[in-house]
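Listed below are the residues making up each chain.
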Amino acid sequence: NVDVYEHISNFLKNDKQLALKVLKVNGSALQHVPAGLSRDKEVLLMALRTDAEAMQYVPEDIRCDHDFGLSAIARNKEVICYMPETLRNSKSFVQEAVHVDGDVLQFVPDHFKLDREVVLAAVQSASEARVAKESGDDVDNAYSFLAQPCDGHNTQGVERLDPWHSALVYASGELKRDQQFILAAVEMDTNALRHAAAELREDPGFVV
């Protein structure tokens, strides 16, 4: 309980294992972590794993740290929403972030969803991650989602509802209407086709 943790003795608060257990349940407890643990990256990453908004309690210099940011994204992709603008608006950082987790694309600034290099990197990364964990999946059940084209609306629920989605779902409408771009995306992930614009999917002259 965060309220209980806030009021326990400093002796107990300085117990790193206790802090990790509390943060595993509620990352917002990071605001009550004592100074002795407030720069411990294992502690910080545990908090971010459960609550992306806990980034506000991370020391500023660590928030701005490139490598720490990527480590945090590997645990919770939503943390990119709470990173400093210097990182969020850095193409090189965003490219590395989508390599860590292709679905980070849903949380990056909109201009990156128009960027062909960034989007294709995200499509490839998400596809490779899906393939890596597919071995034990029920393939027939997974393919049942393919009958339902996704247009990118309400995308935050896509991962949970559709394990076979492509990161292309988060791309801009402009890219989804671009025939050459869709062909490049499909080369990386055949599931990308179902996120192409309807006019392409329904065009009998559009051959993949």
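Residues numbered from 1 in each chain as written. Predicted model: local features only at pLDDT ≥ 70, side-chain atom pairs only at ≥ 80, totals over all residues. Heavy atoms only, no water.

**Student:** Let's hear about the packing of helix α6 (residues 66-75) against helix α8 (residues 91-100): which residues, and what values?
**Tutor:** Viewed as axis vectors pointing N to C, α6 and α8 meet at an angle of 30°, and their least axial separation amounts to 9 Å. In this view, α6 runs roughly parallel relative to α8, as classed from their interaxial angle. Classified by chirality, the crossing of α8 by α6 is right-handed. Together, His66, Gly69, Leu70, Ile73 and Ala74 of α6 and Phe93, Glu96, Ala97 and Val100 of α8 make up the contact between the two elements. The class makeup of the residues in the contact of α6 with α8 is six nonpolar, two polar and one charged. (Axes fitted to C-alpha atoms, helices over the stretch in contact; angles between N-to-C directions. Helix = DSSP H or I, 4+ residues; strand = E, 2+ residues; numbered from the N terminus. Parallel < 35°, antiparallel > 145°, perpendicular 65-115°, else oblique. Left-handed = near helix turned anticlockwise from the far one by under 90°. Contact = heavy atoms within 4.5 Å. Nonpolar A, V, L, I, M, F, W, Y, C, P; charged D, E, K, R; others polar.)

**Student:** Now, about the nonpolar core: what can you tell me, with residues and values included?
**Tutor:** Of all hydrophobic cores here, the largest spans 58 residues; its most connected members are Leu30, Ile80 and Met83. Elements with a contribution of two residues or more to this core: α3 (16-25), α4 (41-50), α6, α8, α9 (116-132) and α13 (179-188). For this core, the element with the highest residue contribution is α9, accounting for seven residues. The contact partners of Ile80, leaving out residues within four places of it in the chain, are Ile73, Arg88, Phe93, Ala97, Val104, Phe107 and Val108. (Core = buried A, V, L, I, M, F, W, Y, C linked by side-chain atoms within 4.5 Å. Buried < 20%, exposed > 50% of the residue type's maximum accessible area, 1.4 Å probe, protein only.)

**Student:** Break down the pattern of salt bridges for me, with residues and values.
**Tutor:** Enumeration over the complete set of coordinates arrives at ten salt bridges. For Asp61, the salt bridge goes to Arg39, with nearest N and O atoms at 2.6 Å. With Asp61 in helix α5 (residues 60-63) and Arg39 in the loop between α3 and α4, the pair connects residues that are 22 residues apart, well separated along the chain. A salt bridge links Lys113 to Asp110; the shortest N-O distance between them is 3.8 Å. A residue is classified by how much of its surface remains accessible, and Asp110, at 58% relative accessible area, is exposed. (Salt bridge = Lys/Arg side-chain N within 4 Å of Asp/Glu carboxyl O.)

**Student:** Just give me the short version of α13, but keep the residues and values in it.
**Tutor:** Burial in α13 covers these residues: Phe181, Ile182, Ala185 and Val186. Taken down its axis, α13 places every buried residue within 135° of arc, on the same side. In this structure, α13 carries Gln180 and Glu187 as exposed residues pointing more than 90 degrees from its buried face. Residues of α13 that are buried sit in contact with α9, α12 (173-176) and α14 (198-201). (Arc of directions from axis to C-beta.)

**Student:** Can you break down α6 residue by residue, with the values?
**Tutor:** Taken as a whole, α6 has its buried residues at Phe68, Gly69, Leu70, Ala72 and Ile73. Looking at the buried side of α6, the elements it contacts are α4, α5 and α8.

**Student:** Hey, could you go over the environment of Lys24 for me, with residue numbers and the actual values?
**Tutor:** By secondary structure assignment, the location of Lys24 is in helix α3. Between the alpha carbons of Lys24 and Leu48 there is a distance of 9.1 Å; along the sequence they are 24 residues apart. Setting aside residues no more than four positions away along its own chain, Lys24 makes contact with Met46 and Thr50.

**Student:** Before we move on, can you summarise the side chain of His195 with the specific residues and values?
**Tutor:** Note on placement: His195 falls in the loop between α13 and α14. Looking at His195, its side chain comes within polar contact range of the main-chain nitrogen of Ser166, at 3.1 Å. (Polar contact = N/O pair within 3.5 Å; in protein donor to acceptor, adjacent residues only side chain to side chain.)

**Student:** How would you sum up the packing of α3 against α4? Please name residues and give values.
**Tutor:** The interhelical angle for the contact between α3 and α4, taken along N-to-C directions, is 15°, at an axis separation of 8 Å. When the axis of α3 is compared with that of α4, the two are roughly parallel. Crossing angle aside, the handedness with which α3 passes α4 is right-handed. Judged by residue contacts, Lys16, Leu20, Leu23 and Lys24 of α3 engage Glu42, Val43, Met46, Ala47 and Thr50 from α4. Partitioning the contact of α3 with α4 into residue classes produces five nonpolar, one polar and three charged.

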